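Single-letter residue listing:
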Amino acid sequence: MPTILGQNQYGKAENRVVRITRDGATHHIKDLNVSVALSGDMDEVHYSGSNAHVLPTDTVKNTVFAFAKKYGIESAEQFGIHLARHFVTSQEPIRRARVRIEEYSWERVGNTAGGAVEPGHSFVRKGQETRTSEIGYDGERWRIVSGLTGLTVLNSTDSEFWGYVKDDYTTLEEAYDRILATDVSARWRHHWTSDETPMPDWERSYEQAREHLLQAFAGTYSLSLQQTLFQMGTRVIEHGDEIAEIRLSLPNNHHFLVDLTPFGLDNDHEVYAAADRPYGLIEATVLRDGAESLIPTEPADL
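Everything numeric here is computed off the predicted structure, so don't read it as measured data. (Residues numbered from 1 in each chain as written. Predicted model: local features only at pLDDT ≥ 70, side-chain atom pairs only at ≥ 80, totals over all residues. Heavy atoms only, no water.)

*Asks:* Tell me about the side chain of serine 224, and name the residues and values.
*Replies:* Mapped onto the secondary structure, serine 224 falls in the loop between helix H4 (202-219) and helix H5 (225-239). When residues no more than four places from it in sequence are discounted, the contact partners of serine 224 are Glu160 and Arg178. (Helix = DSSP H or I, 4+ residues; strand = E, 2+ residues; numbered from the N terminus. Contact = heavy atoms within 4.5 Å.)

*Asks:* Let's hear about the packing of H4 against H5: which residues, and what values?
*Replies:* With their axes 8 Å apart at the nearest point, H4 and H5 run at an angle of 140 degrees to one another. By the criterion of interaxial angle, the relationship of H4 to H5 is oblique. When the axes of H4 and H5 are compared, the crossing they make is right-handed. Between H4 and H5, the contacting residues are Ala209, His212, Leu213, Gln215, Ala216 and Phe217 on the first element and Thr228, Gln231, Met232, Arg235, Val236 and His239 on the second. Taken together, the residues of the contact of H4 with H5 break down into 6 nonpolar, 5 polar and 1 charged. (Axes fitted to C-alpha atoms, helices over the stretch in contact; angles between N-to-C directions. Parallel < 35°, antiparallel > 145°, perpendicular 65-115°, else oblique. Left-handed = near helix turned anticlockwise from the far one by under 90°. Nonpolar A, V, L, I, M, F, W, Y, C, P; charged D, E, K, R; others polar.)

*Asks:* Tell me about the pattern of salt bridges, and name the residues and values.
*Replies:* Within this structure, the stated rule accounts for 11 salt bridges. Residues glutamate 103 and lysine 30 are paired through a salt bridge, measuring 3.0 Å at the closest nitrogen-oxygen approach. With glutamate 103 in strand S3 (residues 94-104) and lysine 30 in strand S2 (residues 26-40), the pair connects residues that are 73 residues apart, well separated along the chain. You can call glutamate 103 partly exposed: its relative accessible area is 36%. Residue classification places lysine 30 among the partly exposed positions, given a relative accessible area of 21%. With a shortest N-O distance of 3.2 Å, arginine 131 and glutamate 203 are connected by a salt bridge. Residue arginine 131 is located in strand S6 (residues 130-137), and its partner glutamate 203 is located in helix H4; the two are separated by 72 residues in the primary sequence. On the basis of relative accessibility, which here comes to 37%, the residue arginine 131 falls in the partly exposed class. (Salt bridge = Lys/Arg side-chain N within 4 Å of Asp/Glu carboxyl O. Buried < 20%, exposed > 50% of the residue type's maximum accessible area, 1.4 Å probe, protein only.)

*Asks:* Go over the environment of glutamate 238, please, and point to the residues and values.
*Replies:* Here glutamate 238 is to be found in helix H5. Look at glutamate 238 and you get exposed, because its relative accessible area is 58%. Each C-alpha atom, one on glutamate 238 and one on leucine 250, is 20 Å from the other, the two residues being 12 residues apart in sequence.

*Asks:* Let's hear about a nonpolar patch on the surface: which residues, and what values?
*Replies:* On the surface, Trp162, Tyr176, Tyr221 and Leu223 cluster together into a nonpolar patch covering about 440 Å² of accessible area. Its location among the elements puts tyrosine 221 in the loop between H4 and H5. (Patch = residues over 30% accessible without salt bridge, like charges linked within 9 Å, V, L, I, M, F, W, Y side chains within 5 Å. Areas by Shrake-Rupley, 256 points an atom, 1.4 Å probe, with all protein chains shown as cover.)

*Asks:* Tell me about unusual backbone geometry, and name the residues and values.
*Replies:* Across the junction of arginine 277 and proline 278, the peptide omega takes the value -10 degrees, indicating a cis bond. Positive phi, close to 55 degrees, is recorded for glutamate 14, a residue that is not glycine. Residue placement: glutamate 14 occurs in strand S1 (residues 10-23). Despite not being glycine, aspartate 158 shows a phi value in the positive range, around 60 degrees.

*Asks:* Got a sec to walk through the packing of aromatic side chains? Specific residues and values, please.
*Replies:* Counted by the stated rule, this structure contains 7 aromatic pairs. With a centroid separation of 5.0 Å and an interplanar angle of 65 degrees, the aromatic rings of phenylalanine 67 and tyrosine 71 are classed as edge-to-face. With a relative accessible area of 7%, phenylalanine 67 lands in the buried category. For the pair phenylalanine 161 and tyrosine 164, a centre-to-centre distance of 4.7 Å together with 20 degrees between the ring planes defines the contact as stacked. Residue phenylalanine 161 is classed as partly exposed on the basis of its relative accessible area, which comes to 28%. Assessed through its relative accessible area of 15%, tyrosine 164 is described here as buried. Grouping aromatic residues by their ring pairs yields a cluster made of Tyr137, Trp142, Trp192 and Trp202. (Phe/Tyr/Trp six-rings, centres within 6.5 Å; stacked < 30°, edge-to-face > 60°.)

*Asks:* Outline the sheet that holds S2, listing residues and values.
*Replies:* Paired through backbone hydrogen bonds, the strands of a sheet run either parallel or antiparallel to each other. Taken together, the 5 strands give an open sheet; going across it, the order is S3-S2-S1-S11-S10, and neighbouring strands pair in antiparallel fashion. Edge positions in the sheet fall to S3 and strand S10 (255-257), since each of these pairs with one other strand and no more. Pairs of neighbouring strands in the sheet enclose a mean axial angle of 35 degrees, with direction left out of account. Where S1 lies against strand S11 (residues 271-274), 3 bridges are found, and the strand directions are antiparallel. Following the sheet pairing, arginine 19 is matched in S11 by valine 271. In the packing of helix H2 (residues 57-70) onto the sheet, contacts are made with S1, S2 and S11, and the angle to S1 comes to roughly 20 degrees. Set on the sheet, helix H3 (residues 76-90) makes contact with S2 and S3; between it and S3 the angle comes to about 160 degrees. (Pairing = 2+ DSSP bridges.)

See the structure below:
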(Lines give C-alpha, C1' and ligand atoms only; values in the text may rest on other atoms or scores of the structure.)
Protein backbone atom coordinates (compact mmCIF):
# COMPACT_ATOMS: atom_id res chain seq x y z
CA MET A 1 0.00 0.00 0.00
CA PRO A 2 1.58 3.31 -1.06
CA THR A 3 -0.08 5.28 1.74
CA ILE A 4 -0.51 4.88 5.47
CA LEU A 5 -2.94 6.49 7.86
CA GLY A 6 -1.72 9.34 10.02
CA GLN A 7 -3.33 11.16 12.91
CA ASN A 8 -7.11 10.89 12.89
CA GLN A 9 -10.07 11.64 15.10
CA TYR A 10 -13.80 11.87 14.90
CA GLY A 11 -16.68 13.01 17.07
CA LYS A 12 -19.65 15.31 17.37
CA ALA A 13 -18.97 19.02 17.16
CA GLU A 14 -20.94 21.96 18.59
CA ASN A 15 -23.56 20.26 20.68
CA ARG A 16 -25.56 23.16 22.13
CA VAL A 17 -26.86 22.09 25.50
CA VAL A 18 -28.77 24.31 27.91
CA ARG A 19 -29.19 23.05 31.48
CA ILE A 20 -31.79 24.68 33.71
CA THR A 21 -31.57 24.02 37.45
CA ARG A 22 -34.76 24.98 39.26
CA ASP A 23 -34.34 26.05 42.87
CA GLY A 24 -37.92 26.99 43.63
CA ALA A 25 -38.67 30.29 41.93
CA THR A 26 -34.97 30.89 41.36
CA HIS A 27 -33.52 29.23 38.30
CA HIS A 28 -29.88 28.74 37.31
CA ILE A 29 -28.70 28.38 33.72
CA LYS A 30 -25.67 26.79 32.09
CA ASP A 31 -25.39 27.25 28.33
CA LEU A 32 -22.61 25.27 26.65
CA ASN A 33 -21.35 24.49 23.17
CA VAL A 34 -19.68 21.10 23.49
CA SER A 35 -17.39 19.53 20.88
CA VAL A 36 -16.10 16.00 21.39
CA ALA A 37 -13.27 14.39 19.39
CA LEU A 38 -12.30 10.73 19.85
CA SER A 39 -9.27 8.80 18.62
CA GLY A 40 -7.68 5.39 19.13
CA ASP A 41 -7.80 2.09 17.27
CA MET A 42 -9.57 3.42 14.19
CA ASP A 43 -7.37 2.14 11.37
CA GLU A 44 -9.86 -0.34 9.91
CA VAL A 45 -12.71 2.10 9.54
CA HIS A 46 -10.41 4.13 7.28
CA TYR A 47 -8.84 1.22 5.41
CA SER A 48 -11.80 -1.10 4.92
CA GLY A 49 -14.83 0.83 6.13
CA SER A 50 -15.42 -1.53 9.07
CA ASN A 51 -17.34 0.26 11.80
CA ALA A 52 -16.61 -2.39 14.43
CA HIS A 53 -14.68 0.08 16.60
CA VAL A 54 -16.80 3.14 15.85
CA LEU A 55 -19.08 4.66 18.45
CA PRO A 56 -21.62 6.63 16.36
CA THR A 57 -21.35 10.40 16.62
CA ASP A 58 -25.10 10.42 17.25
CA THR A 59 -24.38 8.41 20.40
CA VAL A 60 -21.79 11.01 21.39
CA LYS A 61 -24.46 13.70 21.05
CA ASN A 62 -26.92 11.69 23.12
CA THR A 63 -24.30 11.20 25.83
CA VAL A 64 -23.74 14.95 26.11
CA PHE A 65 -27.44 15.56 26.75
CA ALA A 66 -27.86 12.56 29.03
CA PHE A 67 -24.85 13.59 31.16
CA ALA A 68 -26.30 17.09 31.50
CA LYS A 69 -29.21 15.41 33.26
CA LYS A 70 -27.28 12.74 35.20
CA TYR A 71 -24.45 14.91 36.51
CA GLY A 72 -25.68 18.45 36.01
CA ILE A 73 -23.20 21.11 34.94
CA GLU A 74 -21.26 22.33 37.94
CA SER A 75 -18.67 23.83 35.63
CA ALA A 76 -17.61 23.42 32.02
CA GLU A 77 -14.40 21.76 33.18
CA GLN A 78 -16.13 19.24 35.40
CA PHE A 79 -18.68 18.42 32.73
CA GLY A 80 -15.90 17.82 30.20
CA ILE A 81 -14.11 15.57 32.67
CA HIS A 82 -17.23 13.41 33.04
CA LEU A 83 -17.54 13.09 29.27
CA ALA A 84 -13.89 12.40 28.49
CA ARG A 85 -13.61 9.81 31.23
CA HIS A 86 -16.75 8.05 30.02
CA PHE A 87 -15.70 7.75 26.39
CA VAL A 88 -12.20 6.47 27.14
CA THR A 89 -13.20 4.01 29.87
CA SER A 90 -16.40 2.66 28.30
CA GLN A 91 -15.06 1.90 24.81
CA GLU A 92 -11.83 -0.13 24.55
CA PRO A 93 -10.88 1.09 21.03
CA ILE A 94 -11.14 4.73 22.13
CA ARG A 95 -7.80 5.78 23.61
CA ARG A 96 -8.14 9.55 23.69
CA ALA A 97 -11.02 11.99 24.05
CA ARG A 98 -10.86 15.73 23.58
CA VAL A 99 -13.76 17.83 24.81
CA ARG A 100 -13.87 21.50 23.93
CA ILE A 101 -16.51 23.64 25.56
CA GLU A 102 -17.60 27.19 25.00
CA GLU A 103 -19.76 28.63 27.75
CA TYR A 104 -22.18 31.47 27.16
CA SER A 105 -22.66 33.55 30.28
CA TRP A 106 -25.97 34.99 31.40
CA GLU A 107 -26.89 37.62 33.99
CA ARG A 108 -30.16 37.83 35.81
CA VAL A 109 -32.78 40.36 34.83
CA GLY A 110 -34.36 41.44 38.09
CA ASN A 111 -38.12 41.78 38.29
CA THR A 112 -38.59 45.25 39.76
CA ALA A 113 -42.36 45.09 39.98
CA GLY A 114 -43.47 46.61 43.26
CA GLY A 115 -39.97 47.86 43.98
CA ALA A 116 -38.63 44.40 44.88
CA VAL A 117 -35.78 42.80 42.98
CA GLU A 118 -36.23 39.07 42.61
CA PRO A 119 -33.73 36.64 41.07
CA GLY A 120 -36.49 34.86 39.15
CA HIS A 121 -36.07 33.10 35.86
CA SER A 122 -35.10 35.81 33.37
CA PHE A 123 -31.59 36.17 32.01
CA VAL A 124 -29.67 38.42 29.61
CA ARG A 125 -26.50 37.31 27.84
CA LYS A 126 -23.51 39.25 29.13
CA GLY A 127 -22.02 42.00 27.02
CA GLN A 128 -23.36 40.93 23.65
CA GLU A 129 -25.41 43.79 22.29
CA THR A 130 -24.23 46.49 19.91
CA ARG A 131 -25.60 49.98 20.30
CA THR A 132 -26.75 51.63 17.07
CA SER A 133 -27.74 55.10 15.94
CA GLU A 134 -28.93 56.64 12.69
CA ILE A 135 -28.74 60.42 12.31
CA GLY A 136 -30.58 62.16 9.49
CA TYR A 137 -30.37 65.90 8.85
CA ASP A 138 -31.54 67.98 5.90
CA GLY A 139 -30.24 71.33 7.08
CA GLU A 140 -33.37 72.05 9.04
CA ARG A 141 -34.80 68.91 10.52
CA TRP A 142 -33.20 66.02 12.34
CA ARG A 143 -34.25 62.40 12.46
CA ILE A 144 -32.57 60.40 15.20
CA VAL A 145 -33.11 56.65 15.38
CA SER A 146 -31.32 54.93 18.23
CA GLY A 147 -31.20 51.21 18.86
CA LEU A 148 -29.37 48.02 19.62
CA THR A 149 -28.75 44.61 18.10
CA GLY A 150 -27.72 41.29 19.54
CA LEU A 151 -29.28 41.69 22.99
CA THR A 152 -29.78 38.00 23.78
CA VAL A 153 -32.42 37.26 26.43
CA LEU A 154 -34.07 34.12 27.76
CA ASN A 155 -36.99 33.22 30.00
CA SER A 156 -36.70 29.67 31.33
CA THR A 157 -40.45 29.52 32.09
CA ASP A 158 -43.60 31.70 31.97
CA SER A 159 -44.00 31.09 28.25
CA GLU A 160 -46.62 29.04 26.41
CA PHE A 161 -47.61 28.47 22.78
CA TRP A 162 -50.89 26.78 21.99
CA GLY A 163 -54.25 27.28 20.26
CA TYR A 164 -52.62 27.94 16.88
CA VAL A 165 -53.89 26.96 13.44
CA LYS A 166 -53.23 23.32 12.50
CA ASP A 167 -53.30 21.85 9.02
CA ASP A 168 -52.05 18.72 7.24
CA TYR A 169 -48.43 19.81 7.69
CA THR A 170 -48.52 20.76 11.35
CA THR A 171 -46.38 18.58 13.60
CA LEU A 172 -45.54 21.07 16.37
CA GLU A 173 -46.93 20.06 19.75
CA GLU A 174 -48.60 22.66 21.94
CA ALA A 175 -46.39 23.95 24.76
CA TYR A 176 -47.59 25.05 28.18
CA ASP A 177 -44.16 25.60 29.74
CA ARG A 178 -41.35 26.44 27.36
CA ILE A 179 -38.11 28.39 27.12
CA LEU A 180 -38.54 31.71 25.33
CA ALA A 181 -35.30 33.15 23.94
CA THR A 182 -34.50 35.79 21.35
CA ASP A 183 -31.82 38.17 20.06
CA VAL A 184 -33.38 41.59 20.36
CA SER A 185 -32.87 44.07 17.53
CA ALA A 186 -34.63 47.35 18.25
CA ARG A 187 -34.67 50.82 16.70
CA TRP A 188 -36.50 53.74 18.25
CA ARG A 189 -37.16 57.20 16.82
CA HIS A 190 -37.01 60.30 18.98
CA HIS A 191 -39.48 63.19 18.91
CA TRP A 192 -36.62 65.66 18.76
CA THR A 193 -36.24 67.12 15.26
CA SER A 194 -35.17 70.75 15.72
CA ASP A 195 -32.25 72.68 17.22
CA GLU A 196 -34.83 75.08 18.59
CA THR A 197 -35.88 72.58 21.25
CA PRO A 198 -33.71 70.94 23.92
CA MET A 199 -32.33 67.62 22.76
CA PRO A 200 -32.70 64.50 24.91
CA ASP A 201 -29.95 63.12 27.10
CA TRP A 202 -28.92 60.43 24.63
CA GLU A 203 -26.95 58.32 27.10
CA ARG A 204 -29.73 58.30 29.66
CA SER A 205 -32.36 57.67 27.00
CA TYR A 206 -30.47 54.65 25.67
CA GLU A 207 -29.86 53.10 29.05
CA GLN A 208 -33.49 53.56 30.06
CA ALA A 209 -34.82 52.13 26.78
CA ARG A 210 -32.52 49.11 27.10
CA GLU A 211 -33.63 48.55 30.70
CA HIS A 212 -37.32 48.83 29.81
CA LEU A 213 -36.87 46.30 27.00
CA LEU A 214 -35.39 43.89 29.52
CA GLN A 215 -37.98 44.57 32.20
CA ALA A 216 -40.88 44.03 29.79
CA PHE A 217 -39.34 40.80 28.52
CA ALA A 218 -38.85 39.56 32.08
CA GLY A 219 -42.24 40.71 33.33
CA THR A 220 -44.49 39.41 30.55
CA TYR A 221 -46.13 36.02 30.93
CA SER A 222 -45.93 35.17 27.25
CA LEU A 223 -48.57 33.35 25.23
CA SER A 224 -46.78 34.33 22.01
CA LEU A 225 -43.57 36.10 21.04
CA GLN A 226 -45.76 38.69 19.30
CA GLN A 227 -47.38 39.52 22.64
CA THR A 228 -43.95 39.88 24.27
CA LEU A 229 -42.76 42.14 21.45
CA PHE A 230 -45.74 44.45 21.87
CA GLN A 231 -45.25 44.67 25.62
CA MET A 232 -41.56 45.48 25.15
CA GLY A 233 -42.31 48.27 22.69
CA THR A 234 -45.16 49.59 24.79
CA ARG A 235 -43.05 49.83 27.91
CA VAL A 236 -40.27 51.75 26.11
CA ILE A 237 -42.76 54.32 24.78
CA GLU A 238 -44.72 54.62 28.02
CA HIS A 239 -41.55 55.32 30.00
CA GLY A 240 -39.73 57.40 27.39
CA ASP A 241 -41.49 60.67 26.63
CA GLU A 242 -38.81 61.46 24.05
CA ILE A 243 -39.61 58.37 21.94
CA ALA A 244 -42.27 58.37 19.22
CA GLU A 245 -42.01 54.86 17.84
CA ILE A 246 -39.98 51.68 18.16
CA ARG A 247 -39.47 48.81 15.75
CA LEU A 248 -38.45 45.40 17.03
CA SER A 249 -37.15 42.30 15.28
CA LEU A 250 -37.19 39.16 17.44
CA PRO A 251 -36.03 35.77 16.15
CA ASN A 252 -37.50 32.88 18.12
CA ASN A 253 -34.42 30.98 19.31
CA HIS A 254 -35.97 27.55 19.69
CA HIS A 255 -35.08 25.28 22.61
CA PHE A 256 -36.41 21.75 22.20
CA LEU A 257 -36.90 19.48 25.19
CA VAL A 258 -34.68 16.44 24.63
CA ASP A 259 -36.32 13.01 24.81
CA LEU A 260 -34.20 11.12 27.35
CA THR A 261 -36.55 8.16 27.76
CA PRO A 262 -34.38 5.91 25.52
CA PHE A 263 -31.72 6.20 28.23
CA GLY A 264 -34.10 5.55 31.12
CA LEU A 265 -34.05 9.18 32.21
CA ASP A 266 -36.86 11.64 32.91
CA ASN A 267 -36.56 15.18 31.58
CA ASP A 268 -38.69 17.50 33.69
CA HIS A 269 -37.98 20.67 31.70
CA GLU A 270 -34.27 20.44 32.50
CA VAL A 271 -32.26 19.52 29.38
CA TYR A 272 -32.84 21.27 26.05
CA ALA A 273 -31.27 21.25 22.61
CA ALA A 274 -30.71 24.82 21.43
CA ALA A 275 -31.28 25.27 17.69
CA ASP A 276 -29.97 28.34 15.88
CA ARG A 277 -31.80 27.74 12.58
CA PRO A 278 -34.33 27.69 11.13
CA TYR A 279 -36.11 30.14 13.38
CA GLY A 280 -39.35 32.06 13.53
CA LEU A 281 -38.88 35.80 13.01
CA ILE A 282 -41.32 38.22 14.61
CA GLU A 283 -41.18 41.90 13.63
CA ALA A 284 -43.43 44.87 14.33
CA THR A 285 -43.52 48.60 15.01
CA VAL A 286 -45.11 50.02 18.16
CA LEU A 287 -46.26 53.65 17.91
CA ARG A 288 -47.18 56.29 20.39
CA ASP A 289 -50.84 57.15 19.77
CA GLY A 290 -50.96 59.86 17.10
CA ALA A 291 -47.34 59.34 15.95
CA GLU A 292 -46.44 58.71 12.33
CA SER A 293 -44.58 55.54 11.39
CA LEU A 294 -41.25 56.68 9.92
CA ILE A 295 -38.82 53.89 10.80
CA PRO A 296 -38.26 51.76 7.68
CA THR A 297 -39.02 48.07 8.00
CA GLU A 298 -35.43 47.24 7.01
CA PRO A 299 -32.31 49.05 8.31
CA ALA A 300 -30.93 49.27 4.76
CA ASP A 301 -33.81 51.59 3.87
CA LEU A 302 -32.54 54.33 6.18
